[in-house]
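# Structural overview
This is what each chain is made of:
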Amino acid sequence: MLSRRLNRTRAAIVWLTLVALLAMPLSLVAQTRIQYHNNKFSLQDDLKLGRQAAQEAEQQFPLLRDENARAYVERVGQRLVSAIPPEFQHREFQYYFKIINASDINAFALPGGPMFVNRGMIEAARNEGEMAGVMAHELSHVALRHGTAQATKAQKYSTLAGIAGIAGAVLGGPGLGQLAQAPFAVYLLKFSREYETEADLLGAQIMARAGYDPHDLANMFQTIERQSGGGGGFLSDHPSPKDRYARINQEAQLLRVTNPIGDSREFAGVQERLRSYPRAPSMAEIQRTGQRYPAERNGGGGSTNSPNGRVEYPSSRFQNYQILNGGVQVSVPNNWRQIDDSNSVWFVPEGAYGQYNGQAVFTHGVNFGVAQTNSRNLQQATNELISNLAQGNGNLRVNGSYQRTTFGGRNAIWTSLINTNEATGRPESVRLIATQLRNGQLLYMMAVAPQNERNFETAFQSVSNSVRIND
Ligand SMILES: [Zn+2]
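Here, residues in each chain are numbered from 1, in the same order as that chain's written sequence. The predicted origin of the model limits local features to residues at a pLDDT of at least 70 and limits the giving and counting of side-chain atom pairs to 80 or more, whereas totals for whole chains, interfaces and linings rest on all residues. In computing side-chain values, all of the structure's heavy atoms are included and hydrogens and water are not.

## A short note on the overall build of the chain
- A count of helices and strands for the chain gives 18 helices and 16 strands.
- Throughout, exposure labels follow a simple rule: accessible area from a 1.4 Å probe, protein chains only, divided by the maximum for the residue type, with under 20% read as buried, over 50% as exposed, and the rest as partly exposed. Among the 471 residues that make up the chain, the fraction classed as buried is 54%.
- A total of about 22100 Å² of accessible surface is found on the chain, and carbon and sulfur atoms cover 48% of it. What counts as a helix is a DSSP run of H or I of at least four residues, what counts as a strand is a run of E of at least two, and both are numbered from the N terminus. Only the protein chains shown count as cover for residues, with accessible areas throughout obtained via the Shrake-Rupley method and a probe of 1.4 Å.

## Remarks on the coordination of the zinc ion
- Note that water is not among the atoms used; donors are N, O and S atoms within 2.8 Å of the metal (3.2 Å for Na, K and Ca), so sites may look incomplete. Looking at the zinc ion, the protein donor atoms are H137 (NE2), H141 (NE2), E196 (OE), E196 (OE) and H238 (ND1), and they sit 1.9 to 2.4 Å from it.
- Mapped onto the sequence, the residues coordinating the zinc ion show the spacing H-x3-H-x54-E-x41-H. Of this pair, H141 sits in helix α5 (residues 128-143) while E196 is found in helix α10 (residues 193-210), placing the two residues 55 residues apart along the sequence. An identical accessibility class is assigned to H141 and E196; each is buried.

## Some details on unusual backbone geometry
- The phi torsion at R145 lies on the positive side, around 55 degrees, for a residue other than glycine.
- When you line up the elements, R145 lands in the loop between α5 and α6 (146-153).

## Considering the sheet that holds strand β16 (residues 468-469)
- Two strands qualify as a pair provided DSSP detects at least 2 bridges between them. Sheet architecture is open: 3 strands sit in the order β4-β5-β16, paired in antiparallel fashion. Looking at the sheet topology across the chains shown, the edges are occupied by β4 (318-323) and β16.
- Bridge analysis of strand β5 (residues 328-333) against β16 gives 2 bridges, and the strand direction is antiparallel. Directly across from Q329, in β16, lies its bridge partner R468.

## Remarks on the packing of aromatic side chains
- The criterion for an aromatic pair is that two Phe, Tyr or Trp rings (for Trp, the six-membered ring) have centres within 6.5 Å, with stacked assigned to planes under 30 degrees apart, edge-to-face to planes over 60 apart and tilted to the rest. The final tally for this structure, using the stated rule, is 10 aromatic pairs.
- For the ring pair F221 and F234, a centre distance of 5.8 Å and an interplane angle of 45 degrees mean the geometry is tilted. In this pair, F221 sits in helix α11 (residues 215-227) while F234 sits in helix α12 (residues 233-237), placing the two residues 13 residues apart along the sequence. Here F221 and F234 have matching classes, each one buried.
- Taken together, the ring pairs connect F61, F108 and F116 into an aromatic cluster.
- The lysine or arginine in question, R244, covers the ring of F221, its NZ or CZ lying 3.9 Å from the ring centre. Two thresholds decide whether a charge sits over a ring: the Lys NZ or Arg CZ must be within 6 Å of the ring centre and within 35 degrees of the ring normal.

## Side note on α10
- To estimate the expected span of a helix, count its residues, drop one, and scale the result by 1.5 Å. With 18 residues, α10 extends 25 Å from end C-alpha to end C-alpha; this agrees with the ideal 26 Å at 1.5 Å per step.
- Of all 18 residues making up α10, 14 are buried, and the element is well covered by its neighbours.

## Overview of the environment of P349
- Residue placement: P349 occurs in strand β7 (residues 344-349).
- For P349, a relative accessible area of 0% corresponds to the buried category.
- Each C-alpha atom, one on P349 and one on P333, is 8.6 Å from the other, the two residues being 16 residues apart in sequence.
- A contact between two residues is defined here by any heavy atoms of the two lying within 4.5 Å. Excluding residues that lie within four positions of it along the chain, P349 makes contacts with V311, E312, N335, W336, H364, G365 and F456.

## As for the environment of Q253
- One can find Q253 in helix α13 (residues 244-254).
- By relative accessible area, Q253 is classed as exposed at 58%.
- Placed 38 residues apart in sequence, Q253 and H215 show a C-alpha to C-alpha distance of 8.7 Å.

## Description of the packing of α11 against α13
- One can describe the packing of α11 onto α13 by two numbers: an axis separation of 8 Å at closest approach and a directional angle of 165 degrees. Regarding the angle of α11 to α13, the classification is roughly antiparallel. Where α11 crosses over α13, the handedness of that crossing is left-handed. Facing α11, whose interface residues are H215, L217, A218, N219, F221 and Q222, α13 presents R244, Y245, I248, N249, A252 and Q253. Only C-alpha atoms enter the line fits that serve as axes; for helices the fit covers just the stretch in contact. Angles between N-to-C directions range over 0 to 180 degrees. By the definition adopted for this analysis, an angle is roughly parallel if under 35 degrees, roughly antiparallel if over 145, roughly perpendicular if from 65 to 115, and oblique otherwise. Each crossing gets its hand from how the near helix is turned against the far one by less than a right angle, where anticlockwise is left-handed and clockwise is right-handed.

Structure below.
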């Protein structure tokens, strides 16, 4: 009995050795191993950052209103997600896919999972594999956590608050092709050639595991080069490493495609429908015309009741400020200027401020301040603030109840007020948001615009969302 078992064990060892010997040459040519870079951020940080940036993206760029096409891209995306090798899966991440109605051949993915694919990219791809190739490349940046890895390397934005605070500036920047100029984008959307190679290789591996021919990833880069005139768009966000095409194809030789996906009729159908739509604007056009406010633009080109008669629409590019002695960081449209009032700070567009009876008057903009109050109860403290404000503005009154919200990541309340502007005599609406600082003082933001002018609301919301408190 014993000897037979020994024999069997010996046989097993011989067999295993043989397997090992046979496997060895194979392992020398196996797919390229990719490793994580040093990253001091948590997976939750990636998620949070991506979520914030995605929110900005959706405010800046028009999503394609075609649920059919979106659901299709989502299906392809999720197939790729489940093909991410286990060592790069993060169960916390939330991958989802949306289509931007823009003509540029581009796509971008944000930390933690949100991905935006341009309509132009889907129209340009020669088959589903090419579209999936770009998506697999983007997914790889996310799975490898390249955004926060790059931020880890950088001194300047080495805290989450530091990066997240400028999220507004990122996507508010020029078309994605030039996004690299926005400081935040450098870390989240524009990658070094080393990272590009990793995303190409992992992208090819994901493609093969999902049933796509990884050569299609290489082919897509050629399609992009051919159609975007050799540069710009995708290639400026994802600079080509040396011999990109050859390197991907070389990797593709080492990969076995499991359960290959045949020609996708669905892709052809979606592509045909997209091509039948009116021409999509380019990212640059969207930025230039401030896509978010088309209706208001046609409605008369600015406010007529400001001190200077004309007020520019909020830019979709944002700029970062440290205010209130560095205690608050905020991102505001870059065509607004900072004006320091006696003990508060305004951000206002040109034409929205002036002097009236020797006093500064504002018609559109946001106002930040810190108030000393007697109560530590948020609602009572806010009441106190409002009565103080009303002493200087006889017409100011509350127009609604308090609502709960968050501000700078804290519990806060907001309420709407109405006022009659001293300079214009017109009614204006004021939204007040307040939260408490650690020292018990009240931090508030007031967003002011003439009543019935709703075109500033999105900008106000973005400004309010961008607030970071360091107290
Ligand atoms: Zn890339």
